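Observations on the three-dimensional arrangement
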Amino acid sequence: MTKPTLFDTHTHLNVNKFKGDRQEVTERARLMGVSGFAVVGFDYPTIDQALKMATDNQDMVAIIGWHPTEAHTFDRQAQAYLEANLTNDRVVALGETGLDYYWKTAPKEDQEEAFRRQLAMARDHQLPVVVHNRDATADCYRILKEERVGDFGGIMHSFSEGSEWAQKFLDLGMRLSFSGTVSYQNAQDIQAACQLTPDNCLLIETDAPYLAPHPKRGLRNETGFVYYVASAVAKLRATSLDDLAQLTYNNACQLFNLQATKQGLIRNDKRTH
Ligand SMILES: [Zn+2]
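Remember, it's a predicted structure, so these values are computed and weren't measured experimentally.

**Here we look at unusual backbone geometry**
Along the chain, Ala208 connects to Pro209 via a cis peptide bond; the corresponding omega equals 10°. Here Pro209 shows up in the loop between strand E8 (202–204) and helix H8 (226–236). Notably, Gln126 is not glycine yet its phi reads approximately 50°, a positive angle. Within the secondary structure layout, Gln126 lies in the loop between helix H4 (108–125) and strand E5 (129–134).

This is how it looks when you write it as structure tokens:
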């Protein structure tokens, strides 16, 4: 049996929940067929760790940004820090940024301002943006539209809305990335959104350590479990696991401007999207 070729476009292998066994979790993922890891940092310590992992491991790349729940701390210094690291060639996207109205840690106005400033930075650097949305879909959509996100593109990460919103975000030029939530039994809305997503706009992720997919629901999620996300998505789209894995792997490389080589994931010279 050959291993599938999986790209987990959103993992937090960099957080403390993996402090004790990061290497083992990484090895397990590789054994499950993961050959692309996008490690997402969202504050000072997690950005540092994401950059370190992407530098040390050729199958890893970093995505860096300021999380909406931390928007009130996105000051000049944080922005300058982000700005300075966006030119690192292991950094393939800006995020996660966006809006989160569930955890009320940062006021909505601060979130919107931090989101818009980061969208402007993504535009300047011609990097795709990775968007976190929790209970804030209409505002996310409005801001992405006003900031003309289609010029530089991006990902609605862990997409968990239905068909109507899926179509609207796709029309803005966003890709949709599905996580464990698509595999849950009562997730008909998300599953319908997954079915209507065009091949070239489809991505998969774990969002580990959160949102473990069926049949691992309730456990600490880990990157290797992207295998189960891929299985669920393949079934929904009536395709094979291998084809689905290869398709989403290629889509990730295209969006992140990467080439898969024997030495691992290497940045293309010029952005082609
Ligand atoms: Zn995340």
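Text resumes after the structure shown.
**Observations concerning the packing of aromatic side chains**
Per the counting criterion, the structure on display carries 13 aromatic pairs. With a centroid separation of 5.5 Å and an interplanar angle of 55°, the aromatic rings of Phe7 and Tyr249 are classed as tilted. Remark: Tyr249 occurs in helix H9 (residues 241–256) and Phe7 occurs in strand E1 (residues 6–11); sequence separation between them is 242 residues. Tyr249 sits in the buried class, given a relative accessible area of 7%. Measuring from centroid to centroid gives 6.3 Å for Phe159 and Phe169, while their planes differ by 75°, and the two rings are edge-to-face. In this pair, Phe159 is assigned in the loop between strand E6 (154–156) and helix H6 (163–171) and Phe169 in helix H6, connecting sequence segments 10 residues apart. As far as the burial class goes, Phe159 and Phe169 line up, both buried. A network of ring pairs unites the aromatic residues Tyr141, Phe159, Trp165, Phe169 and Phe178 as a single cluster. Sitting over the ring of Tyr101, Lys108 keeps its end group 4.3 Å from the ring centre. Positioned over the ring face of Tyr184 is Arg217, at 3.5 Å from the centre of the ring.

**Topic: the layout of surface pockets**
Over the atoms a probe the size of a water molecule is rolled, and this reveals where empty space is left. The calculated volume of the largest pocket comes to roughly 720 Å³. Along the walls of the largest pocket sit 26 residues, with Asp100, His132, Arg134, His157 and Asp207 positioned nearest its centre. Counting only elements with at least two residues in the lining of the largest pocket, the list comes to strand E4 (91–100) and E5. The greatest single-element share of the lining of the largest pocket, amounting to 4 residues, is contributed by E5. Looking at the lining of the largest pocket, its residues break down into 7 nonpolar, 11 polar and 8 charged.

**What to know about the environment of Leu94**
In this structure, Leu94 sits in strand E4. A relative accessible area of 0% means that Leu94 is categorised as buried. For the pair Leu94 and Trp66, spaced 28 residues apart in sequence, the C-alpha to C-alpha distance is 8.8 Å. Discounting chain neighbours no more than four positions away, the residues touching Leu94 are Ile63, Ile64, Leu86, Gln118, Met121, Ala122, Leu127, Pro128, Val129 and Val130.

Conventions we followed
- Residues numbered from 1 in each chain as written.
- Predicted model: local features only at pLDDT ≥ 70, side-chain atom pairs only at ≥ 80, totals over all residues.
- Heavy atoms only, no water.
- Helix = DSSP H or I, 4+ residues; strand = E, 2+ residues; numbered from the N terminus.
- Phe/Tyr/Trp six-rings, centres within 6.5 Å; stacked < 30°, edge-to-face > 60°.
- Buried < 20%, exposed > 50% of the residue type's maximum accessible area, 1.4 Å probe, protein only.
- Lys NZ or Arg CZ within 6 Å of the ring centre and 35° of its normal.
- 1 Å grid on protein atoms, 1.4 Å probe; cavity = no way out; pocket = protein on both sides within 12 Å on 5 of 7 lines; lining within 4 Å.
- Points joined across faces, edges and corners; volume = space filled by probe spheres on them.
- Nonpolar A, V, L, I, M, F, W, Y, C, P; charged D, E, K, R; others polar.
- Contact = heavy atoms within 4.5 Å.

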